[in-house]
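As a plain string of letters, each chain reads:
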Amino acid sequence: MEKIKLGVSSCLLGENVRYDSGHKLDRFLLDTLGKYVEYVPVCPEAECGLGVPREAMHLEGDPASPHLITTRTRQDMTRHMMTWAHKRVVQLEKEALCGFIFKSDSPSSGVERIKVYNEKGIPVNKGVGIFARIFMKHFPLLPVEDDGRLHDLNLRENFIERIFALRRWRDILGKKESKGNLVDFHTRHKLLILAHSPKHYQLMGKLVAGQKNIPWQDLYEQYQTLLLESLELKTTPKKNANVLQHMMGYFRQQLSVDEKKELMEVIEDYRESYIPLIVPVTLISHYVRQYDQPYLKEQVYLNPHPLELQLRNHV
Ligand code: SF4
């Protein structure tokens with residue numbers, strides 16, 4: 001698989017672009033995730049010409065459409081930033097990004113809960129950074145997160161699973177449109193989709209099965225929308241446990257009574273959050289290899305992202 005292209009707030013990679021010439025280097029992003037990712041750094045404030053160092057800014061006014069104001073000289077930079085941002089997102093279309101990691105708490109780059117000050121100088125945590133808002137509107141289904149939220153291990157796992165899935169989907173888009181390629185992709189991702197959304201699992205199954213009557217471009221677009229929507233919905237221990245039980249059903253003939261009992265107990269322990277997901281997944285993977293189960297061994301669900309990231313050790 002080619003490296004995954006991800007947009008990122010430049011300061012998170014250690015670039016000295018903050019208003020005080022500092023940075024906010026995130027070691028996980030640079031050293032660990034960076035092995036699999038080609039970053040496209042973006043610093044809205046430096047790139048739109050405000051310079052480094054520069055005066056600090058914050059958001060003011062209506063949280064739904066706030067103004068970007070310099071805190072000391074009170075210059076309104078909103079129009080300047082928005083004009084630049086609208087051009088920058090069009091340039092970013094060419095990068096075919098699989099997602100974006102924004103810097104939290106920034107009036108330009110933050111994706112949620114950014115302070116917006118009212119006329120009395122009292123902040124409410126209801127804003128979105130000016131560039132982040134324009135980016136998310138331009139690429140509505142693209143996975144986005146901020147560095148703060150990625151410290152939550154469930155959110156981290158979900159985000160990384162989505163960017164890897166999108167990379168695999170982009171590989172399919174790079175091939176000739178064919179029934180075989182779409183069916184193959186869907187078949188390998190079925191259980192991953194089921195773990196996120198049983199409803200999308202049904203819809204996507206019907207879409208792929210009924211594909212004869214839909215033009216290729218519409219079919220691929222509809223499939224992509226459903227894929228991205230489904231993976232945005234979070235997995236839960238209950239949904240994962242249902243998928244694991246479903247997989248267990250493929251070994252009805254081969255497993256002894258004791259082995260079935262042990263596997264069932266491991267799945268229930270996971271459902272109760274006594275053990276992490278990696279434990280039942282490892283046990284099932286062992287049976288998949290041992291019995292060379294042809295459908296399950298192709299399932300991305302068992303191996304959605306590199307083991308070295310240890311993402312399922314904590315969820
Ligand atoms: S938070 Fe955004 S605008 Fe601020 S320094 Fe980082 S990349 Fe630049």
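J.: I tried to follow empty space enclosed by the protein on my own but got confused; where do I start?
T.: To find leftover empty space, one rolls a probe the size of a water molecule over the atoms. The tally for this structure, following the rule as stated, stands at one cavity of 30 Å³ or more. When its volume is computed, the largest cavity comes out at roughly 30 Å³. Around the largest cavity, the lining residues are E157, E161, T235, N240, L277, Y301 and R312. Grouping the amino acids of the lining of the largest cavity by side-chain chemistry returns two nonpolar, two polar and three charged.

J.: How do you make sense of the packing of aromatic side chains when you look at a structure like this?
T.: Two aromatic rings, taken as a pair, are described by how far apart their centres are and by the angle between their planes. The tally for this structure, following the rule as stated, stands at 18 aromatic pairs. Each ring, one from F102 and one from F135, has its centre 5.6 Å from the other, and the planes form 75 degrees; the classification is edge-to-face. With F102 in strand β5 (residues 100-102) and F135 in helix α4 (residues 130-138), the pair connects residues that are 33 residues apart, well separated along the chain. Put simply, the rings of W84, F100, F102, F131, F135 and F139 touch in pairs and so form one group of aromatic residues. Cation over ring: R156 sits above F28, and NZ or CZ is 3.6 Å from the ring centre.

J.: It is not clear to me how the sheet that holds strand β7 (residues 123-127) should be interpreted in this structure. Could you clarify?
T.: What holds strands together in a sheet is hydrogen bonding between their backbones, with the strands either parallel or antiparallel. What the four strands build is an open sheet, ordered β4-β3-β6-β7; its pairing is mixed. Strands at the two margins of the open sheet, each flanked by one partner only, are β4 (67-70) and β7. Within the sheet, the average angular offset between the axes of one strand and its neighbour, ignoring direction, is 55 degrees. The sheet contact formed by strand β3 (residues 57-60) and β4 spans four bridges and is antiparallel.

J.: Got a minute to help me understand the sheet that holds strand β8 (residues 144-146) in this structure?
T.: Read across the open sheet, the four strands follow the order β2-β1-β5-β8; overall the sheet is parallel. The open sheet terminates on both sides in strands that have one partner only, identified here as β2 (37-42) and β8. Averaged over neighbouring strand pairs, the angle between their axes works out to 25 degrees when direction is ignored. As paired strands, β5 and β8 are joined by three bridges and run parallel to one another. Following the sheet pairing, I101 is matched in β8 by E145. Docked against the sheet, α4 engages β2, β5 and β8, running at close to 160 degrees with respect to β5. Docked against the sheet, helix α5 (residues 153-173) engages β1 (4-9), β5 and β8, running at close to 135 degrees with respect to β1.

J.: What exactly am I supposed to notice about the environment of Q217 here?
T.: Topologically, Q217 is positioned in helix α8 (residues 216-232). Residues Q217 and E177, 40 residues apart in the sequence, show an inter-C-alpha distance of 8.5 Å.

J.: I keep staring at the site of the ligand and nothing clicks. Help me out?
T.: Residues in close proximity to the ligand total 13 residues, the closest being C11, R18, C43, K103 and S109. The pocket occupied by the ligand, as judged from atoms lying within 2 Å of grid points, is the largest pocket.

J.: What is the right way to look at the packing of helix α3 (residues 78-93) against α4 in this model?
T.: Packing of α3 against α4 leaves a shortest axis separation of 9 Å and a crossing angle of 40 degrees. Here the hand of the crossing between α3 and α4 comes out right-handed. Contact residues: T78, M81, M82, W84, A85, H86, R88, V89, V90, L92 and E93 in α3; I130, F131, I134, F135 and H138 in α4. Taken together, the residues that form the contact of α3 with α4 break down as eleven nonpolar, three polar and two charged.

J.: Is there a simple way to think about the pairing of β3 in this case?
T.: A regular strand places its side chains so that they alternate between the two faces of the sheet. Taking every second residue as pointing to the same face, both faces of β3 are buried, with M57 and L59 on one and H58 and E60 on the other. Between β3 and β4, which pair antiparallel in sequence order, lie six residues; one of them, G61, sits at a positive phi of approximately 100 degrees.

J.: Hey, could you run me through the packing of helix α7 (residues 198-209) against α8 in this one?
T.: Any two packed helices are characterised by how steeply their axes cross, that is the angle between the axes, and by the distance between the axes. Two numbers describe how α7 lies on α8: the axes approach to 10 Å, and their chain directions differ by 165 degrees. One element, α7, and the other, α8, form an angle in the roughly antiparallel class. Crossing handedness for the pair α7 and α8: left-handed. Here α7 contributes H200, L203, M204, L207 and V208 to the contact with α8, which in turn contributes L219, Q222, Y223, L226, L227, E229 and S230. Per-class residue counts for the contact of α7 with α8 are eight nonpolar, three polar and one charged.

Each value, and the rule that gives it
- Residues numbered from 1 in each chain as written.
- Predicted model: local features only at pLDDT ≥ 70, side-chain atom pairs only at ≥ 80, totals over all residues.
- Heavy atoms only, no water.
- 1 Å grid on protein atoms, 1.4 Å probe; cavity = no way out; pocket = protein on both sides within 12 Å on 5 of 7 lines; lining within 4 Å.
- Points joined across faces, edges and corners; volume = space filled by probe spheres on them.
- Nonpolar A, V, L, I, M, F, W, Y, C, P; charged D, E, K, R; others polar.
- Phe/Tyr/Trp six-rings, centres within 6.5 Å; stacked < 30°, edge-to-face > 60°.
- Helix = DSSP H or I, 4+ residues; strand = E, 2+ residues; numbered from the N terminus.
- Lys NZ or Arg CZ within 6 Å of the ring centre and 35° of its normal.
- Pairing = 2+ DSSP bridges.
- Axes fitted to C-alpha atoms, helices over the stretch in contact; angles between N-to-C directions.
- Contact = heavy atoms within 4.5 Å.
- Near = heavy atom within 4 Å.
- Sits in = over half its atoms within 2 Å of the grid points.
- Left-handed = near helix turned anticlockwise from the far one by under 90°.
- Buried < 20%, exposed > 50% of the residue type's maximum accessible area, 1.4 Å probe, protein only.
- Parallel < 35°, antiparallel > 145°, perpendicular 65-115°, else oblique.

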